[in-house]
Amino acid sequence: MAYPCVKRNVFSLLLLLVLLSITPLSSSLSPSDKVTKDLLYYLCTQPNIDSSFCIPWLNSDPTTFTLDVQGLLDLVFQKTQLLGYKSLAAMKGSVRTMPGSTLKIPFETCVKDYESAIKSIEEAQGFLTSKAYALASQGAAKAFISISVCEAQFEGRADVPAYIYTHNYLSAAKIMAYPCVKRNVFSLLPLLFLLSITPLSSSLSPSDKVTKVLFYQLCTKPNIDRYFCIPWLTSDPTTFALDLQGLLDLVFQKTQLFGYKILAAMKGSVNTTTDPALKIPFETCVTDYEVAIKAIEEAQGFVTSKAYDLASLGAAKAFISISVCEAQFEGRDNVPVYATKFNLFFKRMCNIDRVFSDNLRT
């Protein structure tokens, strides 16, 4: 998978709601403001937005400059919904046309994920009508998490159809979601937890010993990259001496330690980079990793008290924070290899933390 160059599929544009929550706009914009070329340019050039996509994407719609900001917001959701249905149709077609392929199960998973995401967008459109922006934002966040699950199915695969990547530039549209609403991203996280996609298993107990069979079952759960999970944990000599409670504590410890290593590297890059265009992204990532590490540390406390739902929430919070860091480097040249690689590894670890926690919830 060409992950360093193509990080998102169509619904990754919904991360805008998360990104805007982290960097709220102190804007005087009102839902009744008319959409002018200057206003559109202002919105499309906000941080984390690919202005070279956002501007032509909305300029090409003949209705854009007949709308107010409220109407523009509704338009963006409508266009997202339409593209979602097109992607869903393509996913269903792929399920039918590759019956013997190892990609069949990932595509079946993605069909369900897109159906869930589209439903969330449709519900969000209703909240837009009533100007309940916070609820609309939560719906979009739910859709983002759902499609992230789909996206994870294709990591590490070389035979993924090209159409999976064709809509990745739609992330530029993300800025349009809530231009006049201040929020904090982590106010959405309780919802993200409650709307967790991962099916829960109640047959596991924290006191179950970690056997090779049980370990393999966990590492092959949906949303986990087994090719990362299995070697990552089998390389630790303590893994098969633990029960599930101990294993969960171990994965959070290893995630925390890795986070500190990346944080140190990011801080070093702030001081040593000779590319002024990379200095601000590195500074942003330092903050993002500090937030992520704190979330993982808090989650470790919840693991100790067996509050697995809150531990899962902490892992989701860390994942989202690093997704914000990751977005800083999209479309940039001279990005150090470690930044792309380590961000991906950390997100995989967060997914393992979250899914392992979910499977101990009762």
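Nothing here was measured: the structure is a model prediction, and the numbers come from that model.

Participant: Would you mind showing me how to read the overall build of the chain here?
Facilitator: Counting its regular elements, the chain contains 13 helices and 0 strands. In sequence order, the chain lays out its α and β elements as α-α-α-α-α-α-α-α-α-α-α-α-α. By the burial criterion, 56% of the 362 residues in the chain qualify as buried. When the accessible surface of the chain is summed, it comes to about 15400 Å², and 58% of that surface belongs to carbon and sulfur atoms.

Participant: Explain helix α8 (residues 212-219) here, please?
Facilitator: Structural remark: α-helix, 3.6 residues per turn; residues separated by three or four positions point the same way. Every buried residue of α8 is accounted for by Leu 214, Phe 215, Leu 218 and Cys 219. Down the axis of α8, the buried set is contained in an arc of 130°. They therefore lie on one face. Residues of α8 that are exposed and point more than 90 degrees away from the buried face comprise Lys 212 and Val 213. In this structure, the buried residues of α8 make contact with α9 (226-234), α10 (244-272) and α13 (337-358).

Participant: Help me out: how do you make sense of the packing of aromatic side chains in this one?
Facilitator: The relation between two aromatic rings is expressed through the spacing of the ring centres and the mutual angle of the planes. Enumeration according to the criterion identifies 7 aromatic pairs in this entry. The interplanar angle of 70° and the centroid separation of 5.4 Å between the aromatic rings of Phe 258 and Phe 342 together place this pair among those described as edge-to-face. One end of the pair, Phe 258, is in helix α10; the other, Phe 342, is in helix α13, and 84 residues separate them in sequence. Linked through ring pairs, Phe 228, Trp 232 and Phe 345 together constitute an aromatic cluster.

Participant: Any chance you could explain helix α5 (residues 104-129) here in plain terms?
Facilitator: For α5, which comprises 26 residues, the first-to-last C-alpha distance of 38 Å matches the rise-based estimate of 38 Å (1.5 Å per residue) to within 8%. With its phi angle positive at about 60°, Lys 131 sits one or two positions after the end of α5.

Participant: Would you mind going over the packing of α9 against α13 with me for this structure?
Facilitator: Angle between the axes and distance between the axes: these two values describe a pair of packed helices. Look at α9 against α13: their axes get within 11 Å of each other, and the N-to-C directions meet at 85°. Between α9 and α13, the interaxial angle falls into the category roughly perpendicular. The residues of α13 that touch α9, namely those facing Phe 228, Cys 229, Trp 232 and Leu 233, are Phe 345, Arg 348, Met 349, Ile 352 and Phe 356. Partitioning the contact of α9 with α13 into residue classes produces 8 nonpolar, no polar and 1 charged.

Participant: Before we go on, may I ask you to explain the state of the cysteines in this structure?
Facilitator: Linking two cysteines covalently via their sulfur atoms produces the bond known as a disulfide. Taken as a whole and judged by the stated rule, the model has 2 disulfides. One disulfide in the model links Cys 219 with Cys 229; its S-S distance is 2.0 Å. Here the S-S torsion is close to -60°, and the disulfide linking Cys 219 with Cys 229 is therefore left-handed. Placement of Cys 219 in helix α8 and of Cys 229 in helix α9 is noted, with a sequence separation of 10 residues between them. Take Cys 219 and Cys 229: they sit in the same class, and that class is buried. Each disulfide pairs two cysteine sulfurs, and for Cys 285 the partner residue is Cys 325, the sulfurs being separated by 2.1 Å. In this structure the cystine formed by Cys 285 and Cys 325 twists about its S-S bond by roughly 100°; its chirality is therefore right-handed. Taken together, the residues Cys 285 in helix α11 (residues 276-304) and Cys 325 in helix α12 (residues 308-327) connect sequence positions 40 residues apart.

What counts and what doesn't
Residues numbered from 1 in each chain as written. Predicted model: local features only at pLDDT ≥ 70, side-chain atom pairs only at ≥ 80, totals over all residues. Heavy atoms only, no water. Helix = DSSP H or I, 4+ residues; strand = E, 2+ residues; numbered from the N terminus. Buried < 20%, exposed > 50% of the residue type's maximum accessible area, 1.4 Å probe, protein only. Areas by Shrake-Rupley, 256 points an atom, 1.4 Å probe, with all protein chains shown as cover. Arc of directions from axis to C-beta. Contact = heavy atoms within 4.5 Å. Phe/Tyr/Trp six-rings, centres within 6.5 Å; stacked < 30°, edge-to-face > 60°. Expected span 1.5 Å × (residues − 1). Axes fitted to C-alpha atoms, helices over the stretch in contact; angles between N-to-C directions. Parallel < 35°, antiparallel > 145°, perpendicular 65-115°, else oblique. Nonpolar A, V, L, I, M, F, W, Y, C, P; charged D, E, K, R; others polar. Disulfide = S-S within 2.5 Å.

Worth remembering: the numbers are spatial, not functional.
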